Amino acid sequence: MKKIAIYGKGGIGKSTTTSNLSAALAARGLKVMQIGCDPKADSTKNLMQGRIIPTVLDQIRQRDNQVELDHIAFEGFGGVVCVEAGGPTPGIGCAGRGIITAFQKLEELKAYERYQPDIVFYDVLGDVVCGGFAMPIRGGYADNVFIVTSGEMMALYAATNIAHAIENFGKRGYAKYSGLIQNSRNVENEDALVQQVARESGTQVIKIIPRHKLVQQAENQGMTVVEAFPGSEMAREYNCLADKVMKEVGL
Amino acid sequence: MAVLSLFLPPFSPDYSGVSAVLFDLKTVTAMHDASGCTGNYTGYDEPRWYGSKSPVYCSGLREIDAVLGDDEKLIQKMIDAARDIQPDLMALVGSPVPMVIGSDLAGVAAELEARTGIPSFGFDTTGTTYYDKGAAATILALLERFTEPLATMPGSVNILGATPMDFGKGENLRDLKKLLQDRGLFLTACLAMDYNLAALRQSAAAEVNLAVSRTGLLVAAEMEKRYGIPYLCGLPYGEKASEEYFAALEEVRQSRQSRIFNASSRDFCDCCKLSAAGGACGVGRANDSRTAPEILIVGEQVQANAIRLALQRDYGESSVAVGCLFGLEPGLALPQDKDLKSEQLIGQELNRDNYRLIIADPFLKVLLQNNQKEFWPNAQYAVSSKLAADQIARLTGSHFNRWVNLRIEKTKV
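Residues numbered from 1 in each chain as written. Chains lettered and ligands numbered in written order. Predicted model: local features only at pLDDT ≥ 70, side-chain atom pairs only at ≥ 80, totals over all residues.

1. Here's the deal with the overall build of chain B
Along chain B, the regular secondary structure elements total 17 helices and 14 strands. Its C-alpha atoms give chain B a radius of gyration of 22 Å, near enough to 22 Å, the size a compact globule of 413 residues would have. Along the first, second and third principal axes, the C-alpha atoms of chain B reach 65 × 50 × 40 Å. For chain B, restricting intrachain contacts to residue pairs at least 6 apart in sequence, the fraction spanning at least 24 positions comes to 69%. (Helix = DSSP H or I, 4+ residues; strand = E, 2+ residues; numbered from the N terminus. Rg over C-alpha atoms; globule rule 2.2 N^0.38 Å. Contact = placed C-beta atoms within 7 Å.)

What follows is the structure in structure tokens.
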């Protein structure tokens, strides 16, 4: 089992990229689990026909902690096991701590043992703002971290911060920083800007994903591009990304 | 509000269990807290603290440390302490604030070890579970780190799950060791009171593990998987019951099959003795005065079970229930036993009409509304700490009979 964390600035396309990765790998016959680590809880909706699934924290709250795996894990496209950590009501509580609680609940319920995934993706909100959002990088969780970015300044700034957090944890023998995924926004000089940040943080751009209207069209149908337009050029791009991710993590 | 305690103090938490296990080893133990949790452990959960040299520290966590999560500051403090003390190992122990801010104590410990070369551990304790969980996790972490499988030494046993929270200063443990010695058995390690790293390393050579508490049962089950050592879970209380205990121990030695030394449903209900389905009569229906138990033992489950079995074997008392204060382990329970999760539930159970005798920590007496019930105090450090330490009953072997006989005489007077 390989565990992979996908980080990046909010709104940069992490969930779109991760869901397409999951779908591409599931279509190859691999057992994939995708865990959304964002209080918005919409990481997996394009694997679930647009459906927002109940979150771990919602179920803990509603069921007074008497939660079973079937309450929080749902099979989507290609048998991908979809989980959303969820979070507190906006404006109160602690979203970072929520991630920790959700992860602990998954362990307590022996989710990994039951589903035996080949690959687990953690789709993690934005920047590593606190201990909770660093949880997927910690010991026992992700083996590899990829950061999704565009050439926009704030996205690159966030990518640098995340890379810094991973480097900090490096002394503890945690996850390996395995590269940037460029989700293009057609910013001027975008490829060069992203390459420069990669160089400065000692990593590489493993794949440049072009901007394409099919992504939006697929999402409008509640699907990934891989599911909605499997024969498209864009689906091939995601399949190519899947190849590169697999190579990086040694699968 | 159902879990609010109006009369009882909070029972010993997980971080105290961790610290108690580390107490005998040459460890720099730092509780990551503002000082209340450290004070709770050293002041109330650890009878060995006074006059000892065990280096248990408080990290001095303050608001700004919680906000900034400055792990380097904590690491530097530990390195300074290590320079002075030259410990064999170091440990960081969590408390509620690190739990809330998601401190990565295992990660900090890994970094600390990389910089000092001293084996270091991080325990993500939260203060929201009981001592037995913390103690078991710590013993298992130590075994994982220091204990390799060894060839079995015939006649050797480990005592597992010995902590001051269950055994105070350890009088009952000393009596148990004596009984083992009298029967030609020798002790490999007593985890985790009166032991050292050498004993811990040797513990994998034991022929049988003796789990003397729920902590011990959690550890014994794991040691059986890791090292193939079978276990006997229970305690030899009472003359006749002790004979059975040692017969059971011999059986485990021969068969290599683990065993819970406990009463069975059939021991406690006449109709079940006659039926093929033991316990099927519903002896646990406490509201049914015809079948409901008459004696209630409240406390740690393994010890309470041992008292129950001794009352049955040595005194013929066949209507006894156990109330578990720290969680009910299903494998140790009989149908009539209760998981007393809150002060409210403890009070309700103590005051049920069917009970004529209560055996419990003296602090629980305050919850009894009916003074007509007999109450035999048996203090537990996890409940009443040093305030009732003189009422920890000596129960191992025939001491149990002396204790009971004295109580019966007092009642007659």
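2. Re the interface of chain A and chain B
Taken together, the contacts link 14 residues of chain A with 11 residues of chain B. Residue classes in the side of chain A that touches chain B are distributed as 5 nonpolar, 5 polar and 4 charged. (Nonpolar A, V, L, I, M, F, W, Y, C, P; charged D, E, K, R; others polar.)

3. Some thoughts on the packing of helix 4 (residues 71-85) of chain B against helix 6 (residues 105-116) of chain B
All names here are of chain B. Viewed as axis vectors pointing N to C, helix 4 and helix 6 meet at an angle of 45°, and their least axial separation amounts to 10 Å. Accordingly, the angle class assigned to the pair helix 4 and helix 6 is oblique. The chirality of how helix 4 crosses helix 6 is right-handed. Of helix 6, the residues touching helix 4 (which contributes Asp 71, Leu 74, Ile 75, Met 78, Ile 79 and Ala 82) are Val 108, Glu 111, Leu 112, Arg 115 and Thr 116. Taken together, the residues that form the contact of helix 4 with helix 6 break down as 7 nonpolar, 1 polar and 3 charged. (Axes fitted to C-alpha atoms, helices over the stretch in contact; angles between N-to-C directions. Parallel < 35°, antiparallel > 145°, perpendicular 65-115°, else oblique. Left-handed = near helix turned anticlockwise from the far one by under 90°.)

4. Some thoughts on the nonpolar core
Formed by 113 residues in total, the largest nonpolar core has its most connected members in Leu 191 and Val 298 of chain B. Met 135, Ile 162, Met 223 and Ala 235 of chain A belong to the second largest nonpolar core, which has 79 residues in total. (Core = buried A, V, L, I, M, F, W, Y, C linked by C-beta atoms within 7 Å. Buried ≥ 20, exposed ≤ 12 C-beta atoms within 10 Å, placed from the backbone.)

5. A look at unusual backbone geometry
In terms of backbone geometry, most residues other than glycine have negative phi values and most peptide bonds are trans. The amide bond that connects Leu 191 of chain B to the next residue, Ala 192 of chain B, takes the cis arrangement and shows omega of 20°. Mapped onto the elements, Ala 192 of chain B comes out in the loop between strand 6 (186-191) and helix 10 (197-202). Positive phi outside glycine occurs at Asn 186 of chain A, with the angle close to 60°. Inspection of the secondary structure assignment puts Asn 186 of chain A in the loop between strand 7 (176-183) and helix 7 (190-200). Classification of Asn 186 of chain A by C-beta neighbours within 10 Å gives exposed; the count is 9. The phi dihedral of Asn 189 of chain A is positive, around 60°, even though this residue is not glycine. With respect to the element layout, Asn 189 of chain A can be found in the loop between strand 7 and helix 7.

6. So, the packing of helix 1 (residues 14-27) of chain A against helix 10 (residues 233-249) of chain A
Residues and elements named next belong to chain A. Packing of helix 1 against helix 10 leaves a shortest axis separation of 9 Å and a crossing angle of 80°. On the basis of the axis angle, helix 1 is roughly perpendicular to helix 10. Here helix 1 contributes Asn 20, Leu 21, Ala 24 and Leu 25 to the contact with helix 10, which in turn contributes Tyr 238, Asn 239, Leu 241, Ala 242 and Val 245.

7. Observations regarding the sheet that holds strand 6 (residues 144-149) of chain A
Residues and elements named next belong to chain A. Ordered by their spatial adjacency, 8 strands build an open sheet running 3-4-2-5-1-6-7-8, and the pairing between neighbours is mixed. Each edge of the sheet is formed by a strand with only one pairing partner; in this case those strands are strand 3 (74-75) and strand 8 (205-209). Where strand 6 lies against strand 7, 6 bridges are found, and the strand directions are parallel. Its bridge partner lying in strand 7, Ile 147 is registered against Leu 180. (Pairing = 2+ DSSP bridges.)

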